[in-house]
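Here is how the chains run, residue by residue.
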Amino acid sequence: MHVDVSKDVGTKIERMSGIMGIGKKELVDRAILTYIDSVSRFLELKKEFREWDELSDEALLNFEKSL
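Residues numbered from 1 in each chain as written. Predicted model: local features only at pLDDT ≥ 70, side-chain atom pairs only at ≥ 80, totals over all residues. Heavy atoms only, no water.

Engineer: I'm lost on the overall build of the protein in this one. Help?
Structural biologist: Secondary structure assignment for the protein yields two helices and zero strands. Over its C-alpha trace the protein gives a radius of gyration of 22 Å, far above what one expects of a compact globule, namely 11 Å for 67 residues. Expressed along its principal axes, the backbone C-alpha trace of the protein runs to roughly 65 × 20 × 20 Å. Averaging the locations of the 11 positively and 14 negatively charged side chains of the protein gives two centres separated by 9 Å. (Helix = DSSP H or I, 4+ residues; strand = E, 2+ residues; numbered from the N terminus. Rg over C-alpha atoms; globule rule 2.2 N^0.38 Å. Lys, Arg positive; Asp, Glu negative; His and termini not counted. Charge placed at Lys NZ, Arg CZ, Asp CG, Glu CD.)

Printed below as a string of structure tokens:
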């Protein structure tokens, strides 16, 4: 796959790959995998919050019915 990046990003990739002693492709692969992992975790957390919100609503309704 070929991806075009801005000149600024390309310069940063070149610089960081040199500092880290890894190829540009490996750096970009790592960065993308890290980003995907972060987004996946965020979506899982968002789903968990939604589930907790639904449980909270259900608990409140059950409490109100018991009054």
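Picking up after the structure, the text goes on.
Engineer: Explain the packing of helix 1 (residues 7-20) against helix 2 (residues 24-66) to me, please; I cannot follow it from the model alone.
Structural biologist: A pair of packed helices is characterised by two quantities: the angle between their axes and the separation of those axes. For the pair helix 1 and helix 2, interaxial distance at closest approach is 9 Å and the crossing angle is 100 degrees. By the angle between their axes, helix 1 is roughly perpendicular relative to helix 2. Between helix 1, through Ile13, Glu14, Met16, Ser17 and Met20, and helix 2, the contact on the second element is made entirely by Lys24, Leu27, Val28 and Arg30. (Axes fitted to C-alpha atoms, helices over the stretch in contact; angles between N-to-C directions. Parallel < 35°, antiparallel > 145°, perpendicular 65-115°, else oblique. Contact = heavy atoms within 4.5 Å.)

Engineer: Quick question: what am I supposed to make of a nonpolar patch on the surface here?
Structural biologist: The grouping of Val28, Ile32, Tyr35, Ile36, Val39, Phe42 and Leu43 at the surface amounts to a nonpolar patch, some 650 Å² of accessible area in total. Looking at isoleucine 32, the relative accessible area reads 43%, which means it is partly exposed. (Patch = residues over 30% accessible without salt bridge, like charges linked within 9 Å, V, L, I, M, F, W, Y side chains within 5 Å. Areas by Shrake-Rupley, 256 points an atom, 1.4 Å probe, with all protein chains shown as cover. Salt bridge = Lys/Arg side-chain N within 4 Å of Asp/Glu carboxyl O. Buried < 20%, exposed > 50% of the residue type's maximum accessible area, 1.4 Å probe, protein only.)

Engineer: What should I look at first to understand the pattern of salt bridges in this one?
Structural biologist: Within this structure, the stated rule accounts for six salt bridges. Put simply, lysine 12 and aspartate 8 hold a salt bridge, and the shortest N to O gap is 3.4 Å. Residue lysine 12 and its partner aspartate 8 are both found in helix 1; the two are separated by four residues, about one turn of the helix.

Engineer: Could you clarify how one ought to interpret the environment of glutamate 44 in this entry?
Structural biologist: With respect to the helices and strands, glutamate 44 occurs in helix 2. Glutamate 44 sits 25 residues away from isoleucine 19 along the chain, and the two C-alpha atoms are 34 Å apart.

Engineer: Would you explain the side chain of serine 17 in this entry?
Structural biologist: Note on placement: serine 17 falls in helix 1. Here serine 17 is in contact with Ile22, Gly23, Lys24 and Leu27, once residues within four sequence places are set aside.

Engineer: Would you explain the environment of glycine 21 in this entry?
Structural biologist: With respect to the helices and strands, glycine 21 occurs in the loop between helix 1 and helix 2. Linking glycine 21 and isoleucine 32, residues 11 residues apart in sequence, is a C-alpha distance of 18 Å.

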